[in-house]
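Residue strings, one per chain:
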Amino acid sequence: MAGLTSSTIGRKYAMALSAMFLLIFLVTHLSTNMTSVFGAHAFNTASHFMGYNPLIQFVMQPILMFAVVFHFVMGFILEIRNRSARPIGYNMNNGSANSTWMSRNMIISGAVILAFFALHFYDFWFPEISYKYLNPQVADETRYYAELQHKFKDLWRVVLYVVAFVLLGLHLAHGFQSSFQSVGARHPKYTPVIRAFGNWYSVLIPLGFIFVAVYHYVTQL
């Protein structure tokens, strides 16, 4: 990894690989969350499997945490290096004529999303660690649904989730295609397909998470 991140190209390649891993994680995470819409039993079963599967807990979860931190830290480093390398005159150009607002401000959306991930860990991951390891208790396979509903009982938390996932969607709209370009996936035949799929992904995935949050808020009114 050190050699891979020793150059700008290597950093972009490594960042793209971490982005692809996170894209897969988002689909898996949303799939689990969506089961809560179909009832407590489905969500409890899926969550208990994810929470006590050794492969997920001791292999995939550490990789996920590393990928999240690595992706955003590397993004900040690349953005700082890019800005410091630009000539002063470049700042006088009309950036909106050549790129979207989101592509020019990925560091802003990235910072907000990283803060959201920190809140998400505080809400879900830290209580899980405490429950299973710091204050070990007999596993209750029916607790997950009630815990999820409790998190979405307050309107301010739901609004925060909605804002975070709207920004995530905007981040994905640019980052999805960019990650494929960084690993060399450019072809006149396949690039339009990747772009179209990325556009749908950047809308449907955040919309799915928003739907889950709003659903559990509304059903508790």
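Residues numbered from 1 in each chain as written. Predicted model: local features only at pLDDT ≥ 70, side-chain atom pairs only at ≥ 80, totals over all residues. Heavy atoms only, no water.

On the surface, Leu55, Phe58, Val59, Met60, Ile63, Tyr133 and Leu134 cluster together to form a nonpolar patch covering roughly 690 Å² of accessible area. Looking at the nonpolar patch, the elements that each hand over two or more residues are helix H3 (54–85) and helix H5 (106–134). Here the nonpolar patch takes five residues from H3, the largest share from any one element. By the element assignment, Leu134 lies in helix H5. Exposure remark for Leu134: the relative accessible area of 62% places this residue in the exposed category. (Patch = residues over 30% accessible without salt bridge, like charges linked within 9 Å, V, L, I, M, F, W, Y side chains within 5 Å. Areas by Shrake-Rupley, 256 points an atom, 1.4 Å probe, with all protein chains shown as cover. Salt bridge = Lys/Arg side-chain N within 4 Å of Asp/Glu carboxyl O. Helix = DSSP H or I, 4+ residues; strand = E, 2+ residues; numbered from the N terminus. Buried < 20%, exposed > 50% of the residue type's maximum accessible area, 1.4 Å probe, protein only.)

Once that is clear, we can look at the packing of helix H2 (residues 40–52) against helix H6 (residues 144–151). The packing of two helices is summarised by the inter-axis angle and the distance between the axes. Where H2 contacts H6, the axes come no closer than 8 Å and their chain directions differ by 100°. On the basis of the axis angle, H2 is roughly perpendicular to H6. From H2, Ala40, Phe43, Asn44, Ser47, His48 and Tyr52 reach across to H6, where they touch Tyr144, Tyr145 and Leu148. Taken together, the residues of the contact of H2 with H6 break down into six nonpolar, three polar and no charged. (Axes fitted to C-alpha atoms, helices over the stretch in contact; angles between N-to-C directions. Parallel < 35°, antiparallel > 145°, perpendicular 65-115°, else oblique. Contact = heavy atoms within 4.5 Å. Nonpolar A, V, L, I, M, F, W, Y, C, P; charged D, E, K, R; others polar.)

Bringing the packing of aromatic side chains into the picture now. In this structure the tally under the stated criterion is seven aromatic pairs. Considering the side-chain rings of Phe152 and Tyr161, the 5.1 Å spacing of their centres and the 85° angle between planes classify their relative orientation as edge-to-face. The exposure class assigned to Tyr161 is buried, which follows from its relative accessible area of 4%. Geometrically, the ring pair formed by Tyr161 and Phe165 is tilted, given 6.2 Å between the ring centres and 45° between the ring planes. Note that Tyr161 and Phe165 are positioned in helix H7 (residues 155–182) at a spacing of four residues, about one turn of the helix. Here Tyr161 and Phe165 have matching classes, each one buried. Among the aromatic residues, ring-to-ring pairing joins Phe152, Tyr161, Phe165 and Phe209 into one connected group. (Phe/Tyr/Trp six-rings, centres within 6.5 Å; stacked < 30°, edge-to-face > 60°.)

Glancing now at the nonpolar core. Core analysis: the largest hydrophobic core is formed by 30 residues, its most contacted members being Leu26, Phe165 and Tyr201. The contacts of Phe165, once residues within four sequence positions are left out, are Phe116, Pro206, Phe209 and Ile210. Judged by nonpolar contacts, the second largest core, of five residues, contains Ala14, Phe70, Met74 and Leu78. (Core = buried A, V, L, I, M, F, W, Y, C linked by side-chain atoms within 4.5 Å.)

Below, the discussion takes up the confidence of the model for the protein. Residues with a pLDDT of 70 or more make up 84% of the protein, whose mean pLDDT is 81. Mean pLDDT values for the elements of the protein range from 58 in helix H4 (residues 101–104) up to 93 in helix H8 (residues 191–218). (pLDDT = per-residue confidence, 0-100.)

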